[in-house]
Each structure stands twice: as C-alpha cells, then as structure tokens.
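Spelled out, the chains give:
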Amino acid sequence: MTPRPESSGSRPKGTAGEKIPEQPTAAQKKSAAKKTAVPKQAAARKATAPAKKAAVKKTAVTQSPATKATAKKTAPAKTTAKKAVAKKAAPEKATAAKATAEKVAATKATAEKTAAKKTAAKKTAAKKTTAKKATAKKAAATKATATKAVAKKTTTKKAVAKKATTAKAAATKATATKATAANPPAKKAPAKKATAKKATAGTATAGKATAASAQTVPPEMELAVSPALGAADRDRLLNGTHHDPHSVLGAHPVPGGIAFRAFRPYALSVTVVAGEVRAELQDDGEGFFSGLLPLREVPEYRLLVEYEGTVLDTEDAYRFLPTLGDLDLHLIGEGRHEELWTALGAHPMTHQGVTGTRFSVWAPNALGLRVAGTFNFWDGTGHVMRSLGSSGVWELFLPDIGEGELYKFEITRPDGSKTMRADPMARRTEVPPATSSVITSSGYEWGDAEWLDRRAEAPAHEAPFSVYEVHLPSWRPGLTYRQLAEQLPAYVKNLGFTHVELMPVAEHPFGGSWGYQVTGFYAPTARLGTPDDFRYLVDALHRAGIGVLMDWVPAHFPRDDWALAEFDGRPLYEHADPLRAAHPDWGTLEFDFGRNEVRNFLVANALYWCEEFHIDGLRVDAVASMLYLDYSREPGQWTPNEHGGRENLDAVAFLQEMNATLYRRVPGVVTIAEESTAWDGVTRATHHKGPSGFGGLGFGLKWNMGWMHDSLQYMSHEPVYRKHHHHEMTFSMVYAYSENYVLPISHDEVVHGKRSLVSKMPDDWWQQRANHRAYLGFMWAHPGKQLLFMGQEFAQGAEWSEAHGPDWWLLDPGYGAEAEHRGVRDLVRDLNTVYRATEALWRLDTDPAGFEWVAGDAADDNVVAFLRLDPEGNPLLSVSNFAPVVRPDYRLGVPEDVPAWHEAVNTDAAAYGGSDVTNPDPVKPEAQPWHGRPASIRLTLPPLSTVWLRPA
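It should be emphasised that the depicted structure is a prediction, and the values quoted were computed from it without experimental measurement.

> Break down the overall build of the protein for me, citing the residues and quoting the values.
In terms of regular secondary structure, the protein is built from 17 helices and 37 strands. In the protein, which comprises 952 residues, the proportion classed as buried is 59%. Excluding contacts between residues fewer than 6 apart, the proportion of contacts in the protein whose partners are at least 24 apart in sequence is 73%. Accessible surface for the protein amounts to roughly 37200 Å². Of this, 52% is attributable to carbon and sulfur atoms.

Set out below in structure tokens:
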C-alpha cells in the first residue's frame, strides 16, 4: 500500500468558531407598548383599573410571589411596616418598597392579623390575587388572583392606582412587568371571582410581552418558579459541555405551570405557538429565551423564531424523546448490534409524527457534542446533543432537516478543546478532498432477486470462480457508477469471468492509497456518485450474471484529524497502547479489536456492505498484520499475549465473529482472506480447532500468496535456467489442500517497479507474450480459483497507474500490435469459457481426489503435466511446456479408459498470437505404460505453451 500525506481534505464551509454577526435584541426591536391579543375569558378582572384602560390587553408575567397575599407571607414585610397610614391594596406592579392603598376584606373569610408590630391596617388573605412583586431579589413567582370589594372611597383609590401605575417603574431596579387587563366591566367589581389568566413568565430582570389562554390555576400551582436557566446550565450549553440539554431546554412542568426554554443564538425573539396560544418568551440574553405558562401539562407546540429579516416556523428539537431504545444501547454496549448502521449515524425519519433527521454517535470520552452543518451555517452552538446514559452514545433529533445536508460533529474533548469530526457511520460523504458527511437515505429498488436466490446453491469453493479485479476510478477514468454500469458488466461477461472484485470503494481521502486507507467505512466513495448509484452498478452486474466481491479493510485506518484518530479526544477506535495502535509499515492506526464497540463497528460494517449493497463477498485486506502482535515489529516493540505468544487473540476473536455472523445472516456470501503466512485454519470452520489449539478463522477462501510468489519467480527466469527452479512450479501442490485457495495475480504484483505480468517474462516481445499466455493456461488449470487484475487480460506492457488506468489504446484497431494484445484477451475469454463448462476444473478444487500428477518431475524438459478430475472421474489433462522449443512426440501417461483426447485450449494457437503448433486431430492412447500408468499418448508440445486436452 502507498504512503499518504498526514492529512488531506478541506474544512467545511464554516466552523463552530465562526460567529454570525450579533443581531439586535428583541427589546431593541419591540416597544414597551407592544400588545398581544389574549382571549377575553383568560383575562383577570381588576376593580381598580381605570375604565379607559379596561380594553388594553397586556400579557401578565408571573415572576414574583404575591407578597402579603396571605398571613403566612408576612415575614418580608419590613418595608410596609413603615407605611401604616393606609390599608394595603393590590394595584398592578406593586412593590415591597411602597404601599398604594388600603386592602379591603376579601370575600373568603380567611383573614388573619399580622404581627402586632405591624400597622393597624387589616390584612386578609386574597383569594387568587394577581398582585405582582417584581423585585430583582425575588426568584420564586406565584400566580394569584384576588377578588376585591369596592371600597367606600372608590375615587381616592382610583387616583392612587393611577399614581402607582405611572410611578412604580422607576421606583425599583427590576423592570416592571406588564399585566393584562381583560376588559373588566367598570361597575362589576365587588366580590367577584376572576378567572385565572394563562400568562408567560419572564425572568426577574426582563419583562417581555406575552399572550396566554384561560385556564383555572390549581392550588398546587400557586407557588411559581423562574423559568430562566441557571448560570451553570447556561455556561455548559454555551461551552458545548452539557450532557443532557433536553432536561433544561424545551417544555417542562414546574411549580406554577409549564416552563418553556429555548436556546437560539442570534434570534431576535422566540414565540411559543400551541393551538390558539401565542406566547412570546422572555429574552434572557446570549440566545436564551424562557417563559412560564400556567398550564397543567406540556402541550403540542411549535416555535416561531425571528432572525434579522426572517421568521422561522419550526418544531422544538428539545421536545422529543430519544430515538434510540434501551435494546439498541444494550446491544451497542455488548458489541452485538448487528445492524449498527440503523442505530448510529444520520437518519432521515419521522419521529413522534414529525419529519427530521436523527443524529447519533458513539463518543464516550467527550464532555459534550454538538451537530454543525449547512443547516446551521456550521455553527453547532444551538444544536447540543444529549448523552444516553453510560452507553457513550450521543443523540439529537433535528426536525425539518433532510437529505443532502452536510454535517459534522463538534466534540468537546476531555481537556476542554474542541474538534470537528466527520461521522464514523456516515453513509454518504462529500467528494474528496472535502470531508463533510452527508445526510442520505436510499430509495433504490433492486432487480437482482433471481441472482440472490441462485448464488447460495453451491459454496464458492465448489463452484466456478474466476475473478476480474477492478479499480473502479481508473478502469475507465472519468466514468461514474452509472456509466460504469453500462460498460463493465458487458465487458466482464464477454470475457467469461464469474465475478468482479472491486478494490476498496469505501470513502478514502487520498486517491493514491487506492482505497486502502479508509475514513468512511460506511460510505461508497463519492468520487463516482451517490450510494444509490453504486447500488445501480452492483445491480447491473448481478443482472448480467456476475458476482461482486469487494476489498474490505478492517486492519487499520489513517490518522486524519477529522476522522477516526482519537475521535473523542482519547484513543477510541485505535488501541490505547501506542505500541499496539501504530502500524509500523503504513503510518496508520490499528483498530482495538478487543473493545466491544469497535468490534461491533467492524462486524456490522461487513454486514452493511453485504445486506445494503448486495455485495457477494468480502476480500479482507492485510489479515496477517492483524493476526500477529510482532508483525513488522522488532523485539521490544511489542508485548506478548496472555499466554506469552505472538498471536493477537483479540483479532482472532474478531475475525471468527465476523465470519460466523456474515455466513449466518447472508446466504451465499463468501469471505476471502489476504493472509500471507502459514496461519493454521484460515478457511477452517470457527468451531473446529486445529493443531495450534485455535479454532478456524472461518473464511471461505484464502489468497495463495505462496503460489503467486513461487510461480512468478519461476516465470521470471530465463528458460535455460528454469530446470534449476522446477520446484517453484510444483511445490504448491504440497499444501494445495490445506486451505481453500484463490490464485491471485492482483494489483499488488503490477505496480511499484514490479512490472506488469507480461513484462515480468524474459527475452524478446514474442517470447514474453508466449510466456504470458502459457502462464495463464497453467494458472486456470491449477487447483484453486483465479484472480486477474485489469489490463493483464490483454498483456499491457506498462505498470498499472491509478491516474490513467489500463492502456486501452493497445486494443485500438489502428495500433500496429493490436492483434497481439487482442489475441491474449481472446485467450482469456476461451480459458474462462472452457473452465466454466468443465466441472473437473473447479468442482474438487479443495479435494485431493480432483488432482493427479502426470509429470511433476520433468525439470530438464521444463514440462509440467497433471490431470484434473470431477466427482465422476471425468478428466482434463493440462500440459505446460515452459521451454522455447517444440517438443514433438512427447509421451505422457494417461488413464487407459479414455479412448481419445482432443485439444480444448492451446495457448500457442495463431488466433492468440502464437506459432500455431497444435494437435488438430484426436490423440489416441497407446498400450505403452508411462509415468506409472498403463497407457500413454504422444503429443507435440508447442514452445512456451499450455495445452488442455479433454476426452474426445
């Protein structure tokens, strides 16, 4: 894999640190005389209100207790003790500093005398009085309405009330509250019960006009509290460290009614709308708004949020219950949530009857999380997420947010610093180098049901399995997923391959990594289109009868500071031990396979690709680097496991769980290990223990790296020296049945100075192509499945480059050597055609009964010959001559029960660009024993060729 820069990508269009210019406050925008309509029946009647003021409607703010309304509330009466010349009245906006009129007896006979040192004026308990006390020192508020008898000096009282109304605002440091007068009849004042008024409670320091509807205030609600947030909650919300914003924001029952609180930075005003009720909340500063309505229960409501130049009508994000249940959180904690992608990430959904998007992320070390995106100008200050208990999961449902919006998580780390991170579970991303996550959902309708039903008919190791490996971005540079779907299936089907293997399609920031350094494990790369576009490509391949394998990289991830590395401020996805975390070869970080949530993240990811995108198999990259603690490490750079060994027991358990889960849930799927060592039991069932004491890893197939290295090494020798290296072509049969193998000529063998396949061959151009063809014939006949990287099917001479892909121009009819390249491609097509039609070449790939040597020791001749057999014993004879000379009448021992043989494939045929030395007529066996067999045939072996013969 290719090293990559330390970081790549771009920052989002804004950051949490960028502030929108400060807007004028609501107090600056609205005059003190602003009036809000209030239903008549909701208004309290005041006998002392002047007749000309009776029609004026103002919202009552019930912030302070109605002092001296009962005998029990006489303690704070210091100031009124000095004012003994008049009886206490209850004019609007009365304060503890002044008394304005004598208080008359209430209809309810509950009066008590106050302490003797108080004035001789009678004090009676007022029944449900609306008296207000708006001093800054009082925090608790009550709502009371009083019925007042008309005093005998009505004229005098009116004058005093008017004086109190005009003078009180300056008499106290607290802003005077505005009470609502609801058209009381001028002459109906005596001893009448007034209905309770629904009012919005402002803070003790600000008096916002509000509106309310009528509702009788029950006795238990008479003592009200301030709805405004305390300093600690304000600071935590402002700093992004609040773990439970829903407990303080939104609507909550409190003594005195329902407290409404909103946190809307840069808003000029916030109004609660519940049915016919419209109540503007008090502006508490710094984006906080609050109010108290004397309701019995939380209503259905919306918010009208006024900004400079616009008003937003929206749901309140903090009125919703969590979208994740206890079962989800329990499974996540145990590492057993097999559909993790449905629980975490960003999901458009309908929740409590409201459409929006649920955001959830695992970040157990974070002090706080906020969501930032295009929907809030990349300022997440007002979108604070809540922590769901000890699960480490944070969640927030944002109404009215839908597909296509960009987002990231702003995380406050344990040290108080902040970091902006892409969603680990994002199912769509921006096109690199941009790094934001994108809200998405799928509406794709699949058309591959027939393929899915059929793919489970036989396990991969007992079925034809010929793979064309593709790097999608460079196969035909510039094509999208949907454009590839119009060309790739037809091309692969024409060549006869059963499967394509896609180099990693999960999102990665650096194209030069070819996808092997993943940052978006749940998102197909956006370079080629949307996730549904990728589904369309897979569907098209399936409808063409072609299986889809995908390279999957669970071994490591890059260190980009916007992705997984120290995601929440501490090692999370990576191992906490730096020696275990750092990958010594690639500058990346290794996953902590022993952590439940990390293991769950990866197991669910394997399922995600197979279930959501109908992927037929995963080729797991770099398995060896996962299995060994000392992989690429010197002594002292690694710590043994609990048994003193070098095996990574956590990685073993993870791979076993991943394979067992995938095979259980997805019928017909296959997993393939790129494992370059002799680990015992890579393709053995997980419940079967081997000599090492470990259960099998549970893979379906394993790349045969030994065969690949040995055979390519042999082919690179000059033919004259090959007899000294004959074992390099035969040794693979010593261990051929120890695992279920794939024979890979992959991208790794044709880059970084290794040269293309044809360029590895010695001598002149003709011999290079002849060697190339002979090698492919040998490979297709050898036990195991085949994998060939793009461009090698037509003998491309140059190494592969991800920048421009295969040299398709070599197949241009106008190119002079086009026929030579086209001939190699035609050979690959014919090899696949005969292979798929000949059960002997694939049915017993993993069974020694399917193979017999004919000539395995003809080193001096550079000849390798063997039989492949199907379960009924029907044979195919493969003979390779790796010498550049014709060998006429070459005798080979064969089964005596085959009456004649004929050529099925000859790589030296003129159609493929060869010298056309063939055996055109059926070859009959002779009774002469040879190679330990009772019969033999004589063949003409073409130079540098492989010939397949089947019973005539």
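> Requested: an account of the sheet that holds strand β4 (residues 257-263), with residues and values cited.
Read across the sheet, four strands follow the order β3-β4-β8-β7 without closing on themselves; strand pairing throughout is antiparallel. Sheet topology places β3 (250-254) and β7 (282-285) at the edges, where each strand pairs with a single neighbour. Direction aside, the axes of adjacent strands within the sheet are offset by 25° on average. Pairing between β3 and β4: five bridges, direction antiparallel. Residue pairing in the sheet places His252 in a bridge with Ala259 of β4. Against the sheet, helix α4 (residues 231-239) engages β4, β7 and β8 (288-293), with an angle of about 135° to β8.

> Can you explain the pattern of salt bridges? Please cite residues and give values.
Using the criterion set out here, one finds 41 salt bridges in the structure. In this structure, Asp532 engages Arg535 in a salt bridge whose closest nitrogen and oxygen atoms are separated by 2.9 Å. With Asp532 and Arg535 both in helix α9 (residues 531-543) and three residues apart, the pair spans about one turn of that helix. For Arg822, the salt bridge is made with Asp826, and the minimal N-O distance between the two is 3.9 Å. In this pair, Arg822 and Asp826 are both assigned in helix α17 (residues 818-837), four residues apart and thus about one turn of the helix distant. Note on Arg822: relative accessible area 33%, which makes it partly exposed. Residue Asp826 is classed as buried on the basis of its relative accessible area, which comes to 17%. The network of salt bridges with common partners includes Glu300, Arg302, Asp313, Glu315 and Arg319.

> If you had to explain the side chain of Glu657 to someone new, which residues and values would you point to?
As for its placement among the helices and strands, Glu657 is situated in helix α13 (residues 649-665). Among the polar contacts listed, one links the side chain of Glu657 to the side chain of Arg336, at a separation of 3.4 Å. In contact with Glu657, not counting residues within four places along its chain, are Gly335, Arg336, Arg599 and Val603.

> Break down the packing of aromatic side chains for me, citing the residues and quoting the values.
Tallied over the full model, the rule gives 47 aromatic pairs. Arranged with centres 6.3 Å apart and planes meeting at 35°, the rings of Phe591 and Phe601 form a pair that is tilted. Taken as a pair, Phe591 in the loop between β25 (589-590) and α11 (596-612) and Phe601 in helix α11 lie far apart in primary sequence, 10 residues in all. Accessibility expressed as a relative area gives 3% for Phe591, which makes it buried. The class for Phe601 is buried, based on a relative accessible area of 2%.

> Report on the sheet that holds strand β11 (residues 345-351), specifying residues and quantitative values.
Remark on secondary structure: sheet strands pair via backbone hydrogen bonds, oriented parallel or antiparallel. Strand order in this open sheet of four strands is β11-β12-β15-β14, and the pairing throughout is antiparallel. With partners counted over all chains shown, the strands left at the sheet margins are β11 and β14 (386-387), one partner each.

> Explain the packing of helix α8 (residues 481-495) against α17 residue by residue, including any values.
For any two helices packed against each other, the geometry comes down to the angle between their axes and how far apart the axes lie. Relative to each other, α8 and α17 sit at 70°, their axes nearing to 7 Å. With respect to α17, the element α8 is oriented roughly perpendicular. Residues Tyr491, Asn494 and Leu495 of α8 lie in contact with α17, whose contacting residues are Arg825, Val828, Arg829 and Asn832. Looking at the contact of α8 with α17 residue by residue, the classes come out as three nonpolar, two polar and two charged.

> Break down the packing of helix α5 (residues 326-334) against α11 for me, citing the residues and quoting the values.
For the pair α5 and α11, the least separation of the axes is 6 Å and the interaxial angle reads 100°. Between α5 and α11, the angle falls in the class roughly perpendicular. Residue-level contacts link Leu331, Ile332, Gly333 and Glu334 of α5 to Asn596, Glu597, Arg599 and Asn600 of α11.

> Talk me through the nonpolar core; I want residue IDs and the actual numbers.
Ranked by internal contacts, the top residues of the largest apolar core, which has 179 residues, are Leu472, Phe534 and Trp609. A per-element tally of this core places α11 first, with 10 residues. Residues Ala855, Val879, Ala935 and Leu939 belong to the second largest nonpolar core, which totals 20 residues.

> Kindly report on the environment of Leu293, identifying the contributing residues and their values.
Structurally, Leu293 is set in strand β8. Along the chain, Leu293 and Ile258 lie 35 residues apart, while their C-alpha atoms are 5.3 Å from each other.

The rules behind these values
Residues numbered from 1 in each chain as written. Predicted model: local features only at pLDDT ≥ 70, side-chain atom pairs only at ≥ 80, totals over all residues. Heavy atoms only, no water. Helix = DSSP H or I, 4+ residues; strand = E, 2+ residues; numbered from the N terminus. Buried < 20%, exposed > 50% of the residue type's maximum accessible area, 1.4 Å probe, protein only. Contact = heavy atoms within 4.5 Å. Areas by Shrake-Rupley, 256 points an atom, 1.4 Å probe, with all protein chains shown as cover. Pairing = 2+ DSSP bridges. Axes fitted to C-alpha atoms, helices over the stretch in contact; angles between N-to-C directions. Salt bridge = Lys/Arg side-chain N within 4 Å of Asp/Glu carboxyl O. Polar contact = N/O pair within 3.5 Å; in protein donor to acceptor, adjacent residues only side chain to side chain. Phe/Tyr/Trp six-rings, centres within 6.5 Å; stacked < 30°, edge-to-face > 60°. Parallel < 35°, antiparallel > 145°, perpendicular 65-115°, else oblique. Nonpolar A, V, L, I, M, F, W, Y, C, P; charged D, E, K, R; others polar. Core = buried A, V, L, I, M, F, W, Y, C linked by side-chain atoms within 4.5 Å.

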